[in-house]
Amino acid sequence: MYTARFRYLRPQSIEEAEKMFSQAGDARYLAGGQTLIPTMKQRLAAPEALVDIARVPGLAFVRREGSAVIIGAATPHAQVAAAPLVKAAIPALAYLAGLIGDPAVRNRGTMGGSIANNDPAADYPAALLALGASVTTARRTIGAGDFFTGMFATALEDGELVKEVSFPVPKRCGYAKFPNPASRYAMVGVFVAECGDAVRVAVTGAAPCVFRERAMEAALTKRFTPDAIAGLTVAADGLNSDLHGSAEYRAHLIGVMAKRAIAAALA
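Residues numbered from 1 in each chain as written. Predicted model: local features only at pLDDT ≥ 70, side-chain atom pairs only at ≥ 80, totals over all residues. Heavy atoms only, no water.

Trainee: If you had to explain the overall build of the protein to someone new, which residues and values would you point to?
Mentor: Looking only at helices and strands, the protein features 11 helices and 14 strands. For 267 residues, the compact-globule estimate of 2.2 N^0.38 gives 18 Å, and the C-alpha radius of gyration of the protein, at 18 Å, lies within 12% of that figure. In terms of overall dimensions, the protein has C-alpha extents of about 55 × 45 × 30 Å along its principal axes. Out of the 267 residues belonging to the protein, those deemed buried represent 51%. Just so you have it, the protein exposes about 12,300 Å², and 52% of that area is on carbon and sulfur atoms. (Helix = DSSP H or I, 4+ residues; strand = E, 2+ residues; numbered from the N terminus. Rg over C-alpha atoms; globule rule 2.2 N^0.38 Å. Buried < 20%, exposed > 50% of the residue type's maximum accessible area, 1.4 Å probe, protein only. Areas by Shrake-Rupley, 256 points an atom, 1.4 Å probe, with all protein chains shown as cover.)

Next comes the structure, spelled out in structure tokens:
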């Protein structure tokens, strides 16, 4: 019988969490545990220590600061989805959070854990990239464009802990995704945001890492309507292809989801 053995550590501050992590050998941070715990159960990971940051003071919150909405790393998806402040300032972000997994996942999973894991089919990376968000850790601030570096890879250094994410409030934005019917992960998700004089279009689920669709951005900056991208096609090269859908199918879905996201932003 397989028995996992690890040390369970519960810090009382961000500084203590990073200190515990650095001294624990092969350690992992634990917040909602929606990816880490299943991975350990499947014996794909066997850390020597878990540093539980779920109850560290100051990591779970939603607040407005000037022209930005700031969300703490340990804030559950359900809290993001239900927050009146988020619904009023960035409704597409609240809508996105409400689409993640099921109620159990939304009440345990956290924003910081999701972006630090950077699953290719996660929802939040598209919002961060489209809104031009910035990620603040205990050491520095990283722009979303530099944060997501590849499949399950980010710019975070070993032991670096996400504290909060700052989302600039856009003029308007929308999100649409085609979910896997079992996992609810995005086969393709598109977040469209009009920020000042420019439009950003970020795509998740379609490729190994979230990316921006530049041709759509150029077209939508000139005219923000679904018809503006009607003649655009997305190349299938480099997109994911698996038993759920081919690269060509995902390329088609990008256009479909983008039009729905634009319509949602205009609604």
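Having seen the model, we can carry on.
Trainee: Give a detailed account of the nonpolar core, specifying residues and quantitative values.
Mentor: In terms of nonpolar packing, the biggest core is built from 42 residues, with L93, I115, Y124, L128, F167 and F191 touching the most fellow members. The leading source of residues in this core is helix α8 (residues 124-131), at seven residues. Those residues in contact with L128 that sit more than four places away from it in its chain are I115, A133, V135, A144, F148, V165 and F167. V192, V201, L239 and M257 belong to the second largest nonpolar core, which has 27 residues in total. (Core = buried A, V, L, I, M, F, W, Y, C linked by side-chain atoms within 4.5 Å. Contact = heavy atoms within 4.5 Å.)

Trainee: Go over the environment of I115 with me, naming the residues and quoting the values.
Mentor: Summarising the element assignment, I115 is placed in helix α7 (residues 111-117). Judged by its relative accessible area of 0%, I115 falls in the buried class. In this structure I115 touches Y124, L128, V135, F147, F148, T154, V162 and V165, once residues within four positions along its chain are discounted.

Trainee: Residue-level account of helix α11 (residues 247-266), with values.
Mentor: With 20 residues, α11 extends 29 Å from end C-alpha to end C-alpha; this agrees with the ideal 28 Å at 1.5 Å per step. Taken together, the buried positions of α11 are A247, R250, A251, L253, I254, G255, M257, A258, A261, I262 and A265. Where α11 is buried, its residues contact β11 (172-179), β12 (186-195), β13 (198-204), β14 (211-212) and α10 (214-222). (Expected span 1.5 Å × (residues − 1).)

Trainee: Describe the sheet that holds β12, and please don't skip the residues or the numbers.
Mentor: Judged by pairing direction, the sheet is antiparallel, and its four strands sit side by side in the order β11-β12-β13-β14 without closing on themselves. Of all strands in the sheet, those with a lone pairing partner are β11 and β14, marking the two edges. Bridge count between β13 and β14: two bridges; the pairing is antiparallel. Counted as the bridge partner of V203 is F211 from β14. Taken strand by strand, α10 contacts β12, β13 and β14, and its axis lies near 150° from that of β13. (Pairing = 2+ DSSP bridges. Axes fitted to C-alpha atoms, helices over the stretch in contact; angles between N-to-C directions.)

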